[in-house]
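Here's the letter readout for the chains.
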Amino acid sequence: QVQLVESGGGSVPAGGSLRLSCVASGWNFRNYDIAWFRQAPGKEREFVAAVRRNGGTTYYGDSVKGRFTISRDNARMTVSLQMNMVNSEDTAVYYCAAGSAMTATIRRSTTYTTWGQGTQVTVST
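Cut-offs and rules
- Residues numbered from 1 in each chain as written.
- Predicted model: local features only at pLDDT ≥ 70, side-chain atom pairs only at ≥ 80, totals over all residues.
- Heavy atoms only, no water.
- Helix = DSSP H or I, 4+ residues; strand = E, 2+ residues; numbered from the N terminus.
- Contact = heavy atoms within 4.5 Å.
- Lys, Arg positive; Asp, Glu negative; His and termini not counted.
- Charge placed at Lys NZ, Arg CZ, Asp CG, Glu CD.
- Salt bridge = Lys/Arg side-chain N within 4 Å of Asp/Glu carboxyl O.
- Buried < 20%, exposed > 50% of the residue type's maximum accessible area, 1.4 Å probe, protein only.
- Pairing = 2+ DSSP bridges.

**Section: the overall build of the protein chain**
Right, on to step 1. Assigned secondary structure in the protein chain consists of 0 helices and 11 strands.
Right, on to step 2. Helices (α) and strands (β) of the protein chain occur, in sequence order from the N terminus, as β-β-β-β-β-β-β-β-β-β-β.
Right, on to step 3. Looking at the protein chain alone, contacts between residues at least 24 apart form 58% of all its contacts between residues at least 6 apart.
Right, on to step 4. Here the protein chain contributes 13 positive and 8 negative side-chain charges, whose respective centroids are spaced 6 Å apart.

**Some words on the pattern of salt bridges**
Right, on to step 1. Counted according to the given criterion, the structure contains 7 salt bridges.
Right, on to step 2. The shortest N-O distance in the salt bridge between Asp90 and Arg38 comes to 2.8 Å. Here Asp90 is found in the loop between strand E8 (78-83) and strand E9 (92-99), whereas its partner Arg38 is found in strand E4 (residues 33-39), with 52 residues between them in sequence.
Right, on to step 3. Judged by its relative accessible area of 0%, Asp90 is buried.
Right, on to step 4. Classification of Arg38 by relative accessible area gives buried; the value is 4%.
Right, on to step 5. Asp62 serves as the salt-bridge partner of Lys65, at 3.4 Å between the closest nitrogen and oxygen. Taken individually, Lys65 and Asp62 each receive the classification exposed, so the pair is uniform in this respect.
Right, on to step 6. Sharing partners across several salt bridges, the network here consists of Arg38, Glu46, Arg67 and Asp90.

**Focus: the pairing of strand E5 (residues 46-51)**
Right, on to step 1. Taking burial as the measure, the 6 residues of E5 include 5 buried ones, the bulk of the element.
Right, on to step 2. With 5 bridges joining them, E4 and E5 adopt antiparallel strand pairing. Across the sheet, Ala35 pairs through a bridge with Ala50, a residue of E5.
Right, on to step 3. In sequence, E4 turns back onto E5 through a hairpin of 6 residues, with Gly42 there showing a positive phi of about 80°.

Spelled out as structure tokens, the structure:
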């Protein structure tokens, strides 16, 4: 059974760093593109970052570009999101998701068919 499990969320002061992890199980991780999305209270789900199945190409949302880094380890079936210089607008539930994406659709949540349960990130000011 396909499953994604996020971890690493918590409370972090503004300007600090946090590292999220997404571990997959039950299927061929290498065949899927992986993305991180986030959703703050009262807001729509927002694309954060994505990484192609071979790890060679990454994509970022405008609000996190230059501060967040996505990476993957196919041998360990893990995708990480390194979050640096966080601010209050980064407060949200963060989800990892798996799917097969075209370049034109890699930022759309509807592209992804498998989702984790989410991990809360709270930035304190």
